[in-house]
Amino acid sequence: MKKFIIKGPNKAIKGEVNISGAKNSCLPLMAASILFKNKITLKNVPFVKDVFTMKDLLVSLGAKVYFSESKKIMIISNKNNHKLTVPYNLVSTMRAGVLTMGPLLARYPQKRIKVALGGGCALGVRDTNWHLAGFKSLGAKNSLNSGYVNITTNRGLIGNKYKFPKVTVTGTSNLIMASIFIKGTHYLKNISIEPEVIDLINFLNNSGAKIKFLGKRSIKIKGVKELLSGSHTIIGDRIEAFSYLCVGAITNGKIKINNINPNHLLSEINILKKIGYNIETKINSIKISSKNKLKAINLRTGPFPNFATDNMPLLLAVLTTVKGKSQIEETIFSNRFMAAPELNRMGANISIKKNKAIIIGQKKLNAADCISSDLRTTFSIILGAIAASGSSTISRIYHGLRGYYNLELKLKKIGIQITSKS
Ligand code: EPU
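K.L.:
Any chance you could explain unusual backbone geometry here in plain terms?
P.N.:
Peptide bonds are trans in most cases, and residues, glycine excluded, mostly fall at negative phi. Cis geometry is found at the peptide bond from G8 to P9, where omega equals 0 degrees. Following the sequence through the fold, P9 ends up in the loop between strand 1 (3–8) and strand 2 (14–18). The omega angle of the peptide bond from F304 to P305 is 15 degrees, so this bond is cis rather than trans. A positive phi is found at S146, a non-glycine position, where the angle reads about 50 degrees. If you check the backbone angles, N252 has positive phi at about 50 degrees while not being a glycine. With respect to the helices, strands and loops of the structure, N252 is situated in the loop between helix 8 (238–250) and strand 15 (254–258). Judged by relative accessible area, N252 falls into the partly exposed class, the value being 44%.

K.L.:
Any chance you could explain the sheet that holds strand 20 (residues 350–353) here in plain terms?
P.N.:
Each strand in a sheet pairs with another by means of backbone hydrogen bonds, the pair being arranged parallel or else antiparallel. Taken in spatial order, the four strands of this open sheet run 18-19-21-20, and their pairing is mixed. With one partner strand each, in any of the chains shown, strand 18 (298–300) and strand 20 form the two edges of the open sheet. In this sheet, neighbouring strand axes are inclined to one another by 15 degrees on average, regardless of whether the strands run parallel or antiparallel. Of the strand pairs in this sheet, strand 19 (residues 324–329) and strand 21 (residues 356–361) are connected by six bridges, and their pairing is antiparallel. Within strand 21, the residue paired with Q327 across the bridge is I358.

K.L.:
For this particular structure, what's the right way to read the packing of aromatic side chains?
P.N.:
For any pair of aromatic rings, the description rests on two quantities: the centre-to-centre distance and the angle between the ring planes. Counted according to the given criterion, the structure contains eight aromatic pairs. Relative to F67, the ring of F52 lies with its centre 5.5 Å away and its plane at 70 degrees, an arrangement referred to as edge-to-face. Within this pair, whereas F52 is found in helix 2 (residues 49–61), its partner F67 is found in strand 4 (residues 64–68), the two being separated by 15 residues in sequence. Given the relative accessible area of 23%, F52 is considered partly exposed. Aromatic side chains F379 and Y404 sit 4.9 Å apart centroid to centroid with 35 degrees between the ring planes, which places their arrangement in the tilted category. Of the two residues, F379 sits in helix 12 (residues 375–387) while Y404 sits in the loop between helix 13 (398–401) and helix 14 (407–413), which places them 25 residues apart along the sequence.

K.L.:
Is there a simple way to explain the environment of K363 in this structure?
P.N.:
Note that K363 resides in the loop between strand 21 and strand 22 (370–371). A relative accessible area of 71% places K363 in the exposed class. C-alpha separation for the pair K363 and F203, spaced 160 residues apart in sequence, amounts to 46 Å. Beyond its immediate sequence surroundings of up to four residues, K363 is in contact with T321 and K323.

K.L.:
Sorry, what's going on with the sheet that holds strand 8 (residues 140–145) here?
P.N.:
Strand order in the open sheet formed by four strands is 6-7-9-8, and the pairing between neighbours is mixed. A single partner strand is all that each edge strand has here, and the edge strands are strand 6 (85–86) and strand 8. When strand 8 meets strand 9 (residues 148–153), the two strands line up antiparallel, connected through six bridges. Pairing of L144 across the sheet is with V149, part of strand 9.

The rules we used
- Residues numbered from 1 in each chain as written.
- Predicted model: local features only at pLDDT ≥ 70, side-chain atom pairs only at ≥ 80, totals over all residues.
- Heavy atoms only, no water.
- Helix = DSSP H or I, 4+ residues; strand = E, 2+ residues; numbered from the N terminus.
- Buried < 20%, exposed > 50% of the residue type's maximum accessible area, 1.4 Å probe, protein only.
- Pairing = 2+ DSSP bridges.
- Axes fitted to C-alpha atoms, helices over the stretch in contact; angles between N-to-C directions.
- Phe/Tyr/Trp six-rings, centres within 6.5 Å; stacked < 30°, edge-to-face > 60°.
- Contact = heavy atoms within 4.5 Å.

Here it is, written out as structure tokens:
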């Protein structure tokens with residue numbers, strides 16, 4: 001299994017990073033291909049592990065997929081009828097496999113869709129009860145059998161109303177996709193307005209769907225007869241972007257990131273400014289540098305436009321080096337502080353109480369051998385290793401490769417002393 005070896009401390013790192021397309025946009029967009037009679041073309045595709053897993057999943061359902069990594073494009077065509085069983089081996093390695101439920105149900109409402117439930121994951125319990133309750137509001141019943149949820153309707157899907165009890169990202173995307181061909185109009189309230197969900201809505205509307213915002217978190221979806229073909233350029237990855245901004249932050253360096261809409265990181269930029277970093281934004285880039293005295297802060301994660309839970313472990317690493325007492329409250333997942341024990345092994349002082357982390361910032365971290373346990377934890381540990389004195393080895397970095405494109409290369413290019421071994 002591949003490991004990273006990072007020699008530190010890397011100080012005052014300077015450079016530019018080109019941000020890839022957003023994984024969490026790409027996955028639902030790929031699942032949305034099931035809705036189309038002909039082909040869809042996706043541009044700015046990030047060819048990370050999860051994207052290949054979703055490709056395998058679509059192929060197993062009967063789609064034909066052509067892609068060019070150098071051109072960053074993927075073409076998915078659905079000339080044949082799909083198979084209607086989503087197997088456990090693909091959903092268990094990538095939770096986003098549940099995103100096939102909505103489009104399969106939309107396209108084949110009177111057949112029986114069988115989707116393996118993914119179960120828990122490293123971040124804590126990850127239920128699909130609100131996805132299923134949403135499908136029920138459209139007239140779809142479900143039953144659980146041997147770890148698979150079976151979904152079907154008697155009379156097809158009929159527009160109604162559904163309010164999500166709490167914001168769910170993939171739940172919103174699934175319900176939107178399920179509603180595309182309904183009879184009548186479906187009203188959804190308390191939806192996720194993460195940029196990746198808006199990306200999906202834009203793609204579907206540009207391809208002939210009828211989704212309209214009625215308020216900040218409310219939409220109506222009017223059923224259309226069919227979707228034929230579509231083409232879309234995926235937005236830049238705001239989590240990858242923030243990860244590299246944190247490289248600039250933790251090394252007191254100067255980093256410019258390109259291909260990112262700063263409006264997708266407004267809360268994160270505010271927090272960096274509050275700590276004392278200088279941030280300059282342009283329409284499609286963000287620059288970070290630090291001249292000022294840095295100070296500890298308190299923050300709370302939340303659904304967009306609040307500070308993203310995915311960006312929290314990255315800031316956690318940065319705060320271990322900022323003098324004073326910082327506090328982070330995590331409101332989305334029950335187990336999101338997995339980077340803390342690894343950073344503490346480098347000499348950080350983080351204590352966890354329920355959903356809060358107290359960080360007593362200090363100036364120096366020391367290298368340690370660490371094990372990664374999920375996607376964003378990998379980058380958090382990388383940040384610690386970048387700042388720490390000595391050589392750190394990070395195992396199980398396959399978690400990181402699920403979502404960061406060309407991770408080693410991008411870090412090397414800005415001057416991080418990183419190598420890998422199997
Ligand atoms: N939840 C339920 N029932 C549901 C749906 C969600 O209880 O039916 C709970 C979850 O257990 C969780 C909370 O609601 O506590 C929010 O979960 P959400 O459904 O929003 O998360 P997700 O859609 O499964 C996506 C991203 C995650 C990101 C979260 C939160 C994708 C493919 N995944 O997950 O990304 O952390 O939203 O923003 O879009 C990552 O990229 O590393 C990653 C984990």
